[in-house]
Amino acid sequence: MNISKSLFKRAQDLLPGGVNSPVRAFRSVGGSPFFTERAQGAHLFTADGSQLIDFVCTWGPSIHGHNDPDIRNAIIEALDKGTSFGTPNPYEVQMAELLVDCVPSLEKLRMCNSGTEATMSAIRLARGFTGRDKVIKFTGCYHGHVDSLLVKAGSGALTLGHPDSSGIPAGFAAETIVLDYNDSAAVQATFNEQGSDIAAIIVEPYPANCGLIMPDTGYLELLRELCTTHNSVLIFDEVMTGFRVALGGVQEIVGVMPDLTAMGKIIGGGLPVGAFGGRADIMNQLAPLGPVYQAGTLSGNPLAMAAGITALNKLKMLQPYAQLEYFGIRVRDALLDTAKSKGIALQVPQVGSMFALFFSDSPVRNYNDAVASDTHHFKSLFNYALSNGVYLPPSAFETCFMCTQHKGEDIDLAIEILCNAIRAL
Ligand code: KE4
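Residues numbered from 1 in each chain as written. Predicted model: local features only at pLDDT ≥ 70, side-chain atom pairs only at ≥ 80, totals over all residues. Heavy atoms only, no water.

## Points about the nonpolar core
Short version of the rule: Working definition of a nonpolar core: buried Ala, Val, Leu, Ile, Met, Phe, Trp, Tyr and Cys residues. They are joined through side-chain atoms within 4.5 Å. Accessible area is worked out with a 1.4 Å probe on protein chains only. A residue is then buried under 20% of its type maximum, exposed over 50%, and partly exposed in between. Helix numbering and strand numbering both begin at the N terminus, where a helix is a DSSP run of H or I of at least 4 residues and a strand a DSSP run of E of at least 2. The start and end points of each domain follow an automatic or database-based domain assignment. By definition, residues are in contact when any of their heavy atoms lie within 4.5 Å.
L99, F243 and L335 are the most contacted members of the largest nonpolar core, which has 68 residues in total. No other element matches the eight residues that helix α15 (residues 409–423) contributes to this core. Among the domains, domain 1 (3–63 + 320–423) and domain 2 (69–317) are the pair contributing at least three residues each to this core. Beyond its immediate chain neighbours, meaning those up to four positions away, L99 contacts L106, L109, M111, F243, M263, I267, A275 and L312. The next biggest cluster of nonpolar side chains, apart from the first, holds 41 residues, and it includes C141, F191, L222 and L226.

## Notes on the pattern of salt bridges
The condition is simple: By convention in these notes, a salt bridge is any Lys or Arg side-chain nitrogen within 4 Å of a carboxyl oxygen on Asp or Glu.
If you walk through the whole model with that rule in mind, you get 12 salt bridges. Salt-bridge contacts for R365 lead to D216; the nearest nitrogen and oxygen are separated by 2.4 Å. Highlighted residues: R365 in the loop between β12 (354–355) and α13 (367–371) and D216 in the loop between β7 (198–203) and α8 (219–229), separated in sequence by 149 residues. Given the relative accessible area of 34%, R365 is considered partly exposed.

## Brief notes about the site of the ligand
Our working definition: Put simply, a residue is near a molecule or strand once any heavy atom of it comes within 4 Å of that molecule or strand. What qualifies as a polar contact is a pair of N or O atoms within 3.5 Å, subject to a donor-acceptor requirement within protein and to the restriction that residues adjacent in sequence count only when both atoms come from side chains. All accessible areas in this document rest on Shrake-Rupley with a 1.4 Å probe, and a residue is counted as covered only by the protein chains that are shown.
Near the ligand there are 17 residues, and of these S21, T116, N209, D237 and E398 occur at the shortest range. S155 places a side-chain nitrogen or oxygen 3.3 Å from a nitrogen atom of the ligand. Between the ligand and D237, the relevant distance is 2.8 Å, taken from a nitrogen atom to a side-chain nitrogen or oxygen of the residue. The fraction of the free accessible surface of the ligand (540 Å²) that becomes covered by protein chains is 87%. When residues of the shell around the ligand are assigned to domains, at least three fall in each of domain 1 (3–63 + 320–423) and domain 2 (69–317).

## A short note on helix α11 (residues 302–318)
The following threshold applies: What a helix should span is 1.5 Å times the count of its residues minus one.
Here α11 contains 17 residues, and its C-alpha end-to-end distance of 24 Å stays within 8% of the 24 Å for a straight helix at 1.5 Å per residue. Counting buried positions over the 17 residues of α11 gives 13, a clear majority of the element. A side-chain oxygen of the first residue of α11 lies 2.9 Å from the backbone nitrogen of L303; this N-cap is N301. Once α11 ends, the next one or two residues include Q319, with phi positive near 45°.

## Digging into the domain arrangement of the protein
Our working rule: Summed over both partners, the accessible area lost on bringing two parts together, with a 1.4 Å probe, is the buried area. Side-chain classes follow a simple rule in which Ala, Val, Leu, Ile, Met, Phe, Trp, Tyr, Cys and Pro form the nonpolar group, Asp, Glu, Lys and Arg form the charged group, and the remainder, Gly included, forms the polar group.
Here the domain parsing of the protein yields domain 1 (3–63 + 320–423) and domain 2 (69–317). Inter-centroid distance (C-alpha atoms) of domain 1 to domain 2 is 25 Å. At the interface, 34 residues of domain 1 touch 31 residues of domain 2. Carbon and sulfur atoms supply 65% of the area buried between domain 1 and domain 2, which totals about 2700 Å² over both sides. The largest share of the area that domain 1 buries against domain 2 comes from Y321, R365 and Y367, three residues that together contribute 26% of it. Counting across the domain 1 and domain 2 interface gives 11 residue pairs in polar contact (both at pLDDT 80 or more). Broken down by element, the side of domain 1 that touches domain 2 gets its largest block of residues, four residues, from α13. Split into classes, the residues belonging to the side of domain 1 that touches domain 2 amount to 22 nonpolar, nine polar and three charged.

## Some details on the packing of aromatic side chains
Where we set the bar: Two rings from Phe, Tyr or Trp (for Trp, the six-membered ring) form a pair when their centres sit within 6.5 Å of each other. Planes less than 30 degrees apart are called stacked, planes more than 60 degrees apart edge-to-face, and all others tilted.
Throughout the structure, instances matching the rule amount to 12 aromatic pairs. Centre to centre, the rings of F55 and F355 are 5.9 Å apart; their planes meet at 75°, and the pair counts as edge-to-face. Note that F55 is positioned in the loop between β3 (51–54) and α2 (69–79) and F355 in strand β12, a separation of 300 residues in sequence. The residues F55 and F355 share a single accessibility class, namely buried.

## Side note on the environment of V245
Relative to the helices and strands, V245 is located in the loop between β8 (233–237) and α9 (249–254). Its relative accessible area of 9% is what places V245 among the buried residues. Sequence-wise, V245 and A322 are 77 residues apart; in three dimensions their C-alpha atoms are separated by 9.9 Å. Not counting residues up to four positions away in its chain, the partners in contact with V245 are Y206, V250, I253, Y321, V351 and M354.

## Overview of the sheet that holds β12
Counted only if it meets this: In this description, strands pair whenever DSSP reports at least two bridges between them.
Strand order across the open sheet formed by three strands is β11-β12-β14, with antiparallel pairing between neighbours. The outermost strands of the open sheet, each flanked by one partner alone, are β11 (350–351) and β14 (400–401). Pairing of β12 with β14 involves two bridges; the strand directions are antiparallel. Across the sheet, residue F355 finds its bridge partner in β14, namely C400.

Shown next, in the form of structure tokens:
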């Protein structure tokens with residue numbers, strides 16, 4: 001850990017907290033972060049010479065495993081033609097056709113450079129389309145560091161104890177209505193009182209930024225019904241779940257069609273990317289057609305498009321979702337069985353290759369349940385696992401990811417180490 005420690009010291013002199021994204025700083029799990037030298041398949045190789053089985057998968061993008069050879073070759077092939085043109089390029093059309101083919105609700109879309117840009121643009125578009133200002137979000141959901149959405153946010157904001165970021169003008173936050181996820185009465189009452197002022201609901205259909213939370217039966221359908229009745233825009237933030245839980249994301253699984261969808265992560269194949277799209281009548285409000293402005297120097301960048309096209313085509317060809325579900329269930333059941341044998345209260349919500357760990361007596365249905373879980377147990381488990389070669393997200397308020405390369409001895413070894421971590425509590 002000496003090389004990582006010296007790198008971290010240099011980093012801290014120049015980067016706030018020594019990181020370019022807060023959750024990487026290990027602030028809630030103690031110690032200092034390792035630095036990654038390279039990554040391959042299900043493994044990270046640290047600057048200190050350690051090999052780790054990775055359950056973060058760079059926060060979701062590497063569903064095919066790190067440094068996938070097909071994605072690499074696609075990037076190299078694109079690179080031979082240049083890195084950025086600032087003009088339309090053929091890859092953008094191919095990507096757009098792929099996304100519309102994969103995601104049920106997409107009629108039109110626009111590429112951008114991060115999930116944050118995608119949700120920020122979708123919110124602006126919904127406000128421009130409806131002429132309304134209010135937006136509903138849900139406590140614990142994280143939609144990137146968008147000013148108006150950093151209110152009771154999850155992920156790193158929650159991890160570091162600042163779910164309401166400073167630096168957000170009160171006027172911005174005043175336009176954001178924050179409700180508890182899975183509270184049907186609250187969202188119904190809010191629309192009854194002020195439905196004609198509500199531009200949009202933005203929701204992670206499966207919230208995965210305060211651990212992993214699943215919707216109550218009928219909840220997503222209720223959000224759809226309320227938006228339809230009140231002419232508000234339903235935005236699914238599928239930056240994390242898109243192409244992860246199914247090729248068409250949560251909307252394919254539950255059959256609830258949002259008006260707009262925010263996307264990111266997997267569709268960039270590991271390079272910077274975001275996208276938002278949905279109903280053509282809404283998307284056509286975007287410049288240069290309509291009055292809602294949105295732009296980006298590197299939007300549709302050929303390298304990122306080439307990487308994302310390959311990642312998506314590989315998902316279409318392989319359809320790895322049954323395999324990923326099998327991996328997720330194996331880990332979930334092993335952890336639950338071990339915790340039960342030790343008399344430890346553990347919940348392991350799991351969907352496909354996503355799972356979370358809540359040390360809690362009862363299932364976690366919302367933010368309050370999540371923050372009431374035992375984060376000290378999580379910290380102990382995280383550090384035991386890391387010291388034995390398994391890297392979990394460095395926060396109790398994140399979600400674990402697996403990839404198609406978590407197979408054979410890797411998954412067996414990881415399960416053994418995670419179960420030993422529970423036994424050591
Ligand atoms: P980015 O701007 O980080 O590309 O995407 C923001 C975003 C939007 N919506 C959802 C549902 C997200 O999960 C994210 C980003 N996810 C976090 C992990 N929980 C990224 C990791 C980080 O912030 O370093």
